[in-house]
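Chains, contacts and geometry: an overview
What follows is the residue order along each chain.
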Amino acid sequence: MTKGSDLKEQFYDVVIVGGGMVGAAQAAALVKQQKRVLVIEKYIPNSDVLAQIPLRVSAINLASEQYLTELGVWSHIGETSKCMFNQLATWEQRHKPVIFSATDIQKSHLGYLIRNEALQLAAYDELNNTADHAVDIITDCKLTSIDQTNEQVSVQLTNHVSNETIIFHCSLLIGADGAFSQVRSLTDIGTTGWDYQQHCLSLTIKTDFPTQHITWQEFQPSGPKAFLPLEDGYSVLIWYDNAEELQQLVQLSNEQLKNQVLTRFPDLAGEFDVVAKASFPLTRRQANQYIKGRVVLVGDSAHTINPLAGQGVNIGYKDVEVLSQLLEEIDIKQSETLSAVLKQYENIRKRESQLMSLAMDSFYNLFSNDKAAVKLLRGGLLTLANKFEWAKKQVLKKAVGY
Ligand SMILES: Cc1cc2nc3c(=O)[nH]c(=O)nc-3n(C[C@H](O)[C@H](O)[C@H](O)COP(=O)(O)OP(=O)(O)OC[C@H]3O[C@@H](n4cnc5c(N)ncnc54)[C@H](O)[C@@H]3O)c2cc1C
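Attention here is on the structure that accompanies the text. (Residues numbered from 1 in each chain as written. Predicted model: local features only at pLDDT ≥ 70, side-chain atom pairs only at ≥ 80, totals over all residues. Heavy atoms only, no water.)

What to know about unusual backbone geometry
Where we set the bar: Helix and strand assignments follow DSSP, with helices taken as H or I runs no shorter than four residues and strands as E runs no shorter than two, numbered in order from the N terminus. Burial here depends on accessible area, computed with a 1.4 Å probe over protein chains only, as a share of the maximum for the residue type. Under 20% is buried, over 50% is exposed, and the range in between is partly exposed.
A positive phi angle is found at glutamine 106, which is not glycine, with a value near 55°. Following the sequence through the fold, glutamine 106 ends up in the loop between strand 6 (98-101) and strand 7 (111-115). Classification of glutamine 106 as exposed rests on a relative accessible area of 65%. Positive phi, normally seen in glycine, also occurs at aspartate 188, with a value near 55°. Note that aspartate 188 resides in the loop between helix 4 (182-186) and strand 12 (191-207).

Below, the structure is given as structure tokens:
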């Protein structure tokens, strides 16, 4: 990995700001097209992190699995970092679950629960496999400004230690720097959105029962409670609730939290201990534009959605796939060609992520509402889902990304 201080002012085909799960996968995709890429990332975890207690995990659907396999990223994810699930269950009344199975759509599984760091590091492992000088990665600099002309983008960085200023030039700048994207703000792209009333608490549990291959979500009046299985004797519980309630919960000891889980969650498959916790606010943001001149946004910098159905990083990977396919055939130095392709990217991806956001909001409103009419409607919908195989299959196909 090349540090900023070792690099001289130079030209890249593409500079990517943010090398998280999405940005690192984007780099892997573009390097395969023989593009010279620079990744600017604040912090890349050491692989030792994978031996520690997992905290942030993502449900990865079949479409993302297939794309990451094509990129060569999937094969770097270790067996203990991912857990396959072949059933997905949801219910409001415990005796009436709606169970979606992989066999309903003739698949062997519905997805994997994977530690976020494992997804990120797998993309770096793939980048390390690429030819020398195809990609440079900088972790010791801070982004300070972005300027662009019709021909190129100039990215100015300041070294953390020496305070030295470095400027890189590129044909295309990709913002993959997450929900609080600096690329987005430095290019004056506004956002539309809001914070949800509910927040969520993620509890990692050490389990004394065999690995489960089912993920479930129970809808309770105060917010859903979900179970995400992992390998290696761990699982993650997600507790959605109002901010005040979660603020109190997060103060509790692991032992006290375990007692709360025993009271508020459905029965788990056996003995467990709470070993880690983290709480997250829930936000919905859409960038007003996904492109500006030679700058384009992917992943959470373009859209942040309610994680209720675990789709956020999956739509980020879809951004990467669509953008990479569109860039493959063109000369990105040509302004008009690039502009046409970026417009196409924006049209395709904005519509898709807005639809997904809308679906999550309808879901959120439907299941976080105690009005009698809404209760009746969701009861009816869950019964319908159980009765009509066709409807069930359509929901399932959307969930796995097809
Ligand atoms: C509780 C919770 C549960 C979720 N569960 C799921 C799930 O099950 N399935 C799913 O698909 N999604 C899930 N999501 C959403 C998912 O986590 C996000 O969609 C995903 O993290 C987006 O990836 P990203 O790479 O775009 O952004 P991030 O993960 O935010 O990565 C951005 C990267 O950019 C770097 N960065 C930021 N600013 C700069 C800068 N100025 N310079 C250099 N580097 C910078 C950061 O260090 C980081 O590495 C969940 C989200 C939450 C909050």
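Here's the deal with the pairing of strand 12
Which entries qualify depends on this criterion: When DSSP finds two or more bridges between a pair of strands, those strands are recorded as paired.
Bridge count between strand 12 and strand 16 (residues 272-287): 14 bridges; the pairing is antiparallel. Paired with serine 202 across the strands is alanine 278, a residue of strand 16. Across nine bridges, the pairing between strand 12 and strand 15 (residues 234-242) is antiparallel. The partner of isoleucine 205 across the bridge, within strand 15, is serine 235.

Notes on the site of the ligand
Our working definition: If a single non-hydrogen atom of a residue is within 4 Å of a molecule or strand, that residue counts as near it. Polar contacts here mean pairs of N or O atoms no more than 3.5 Å apart (in protein, one a potential hydrogen donor and the other a potential acceptor; neighbouring residues in sequence count only if both atoms are side-chain atoms). Only the protein chains shown count as covering a residue, and every accessible area follows the Shrake-Rupley method with a 1.4 Å probe. Basically, the charged four are Asp, Glu, Lys and Arg, the nonpolar ten are Ala, Val, Leu, Ile, Met, Phe, Trp, Tyr, Cys and Pro, and anything else, Gly included, counts as polar.
In the vicinity of the ligand there are 26 residues, among which Glu41, Ala59, Gln182, Asp300 and Val313 approach most closely. Valine 22 places a polar main-chain atom, nitrogen or oxygen, 3.1 Å from an oxygen atom of the ligand. At a separation of 2.8 Å, an oxygen atom of the ligand approaches a polar backbone atom of valine 313. Out of a free accessible area of 1,000 Å², the ligand has 83% covered by protein chains. Looking at the shell around the ligand, the elements with two or more residues in it are helix 1 (21-31), strand 3 (57-61) and helix 7 (312-328). Its residues assigned to classes, the shell around the ligand comprises 11 nonpolar, 10 polar and five charged.

A closer look at the sheet that holds strand 7
The following threshold applies: Angular values range over 0 to 180 degrees, each being the angle between N-to-C directions of two axes fitted as lines to C-alpha atoms, with helices fitted over their stretch in contact. It only takes one pair of heavy atoms within 4.5 Å for two residues to be counted as in contact.
Pairing within the open sheet is antiparallel, and its three strands lie in the order 3-7-4. Every other strand in the sheet has two partners, leaving strand 3 and strand 4 (82-85) as the edge strands with one partner each. The average angle at which neighbouring strand axes cross in this sheet is 25°, direction not considered. Both strand 3 and strand 7 contribute to a ladder of five bridges, which runs antiparallel. Bridge pairing links serine 58 to isoleucine 114 in strand 7. Those strands touched by helix 2 (residues 62-71) are strand 3 and strand 7, and its axis lies near 85° from that of strand 3.

Function-wise, these values are silent; they only describe arrangement.
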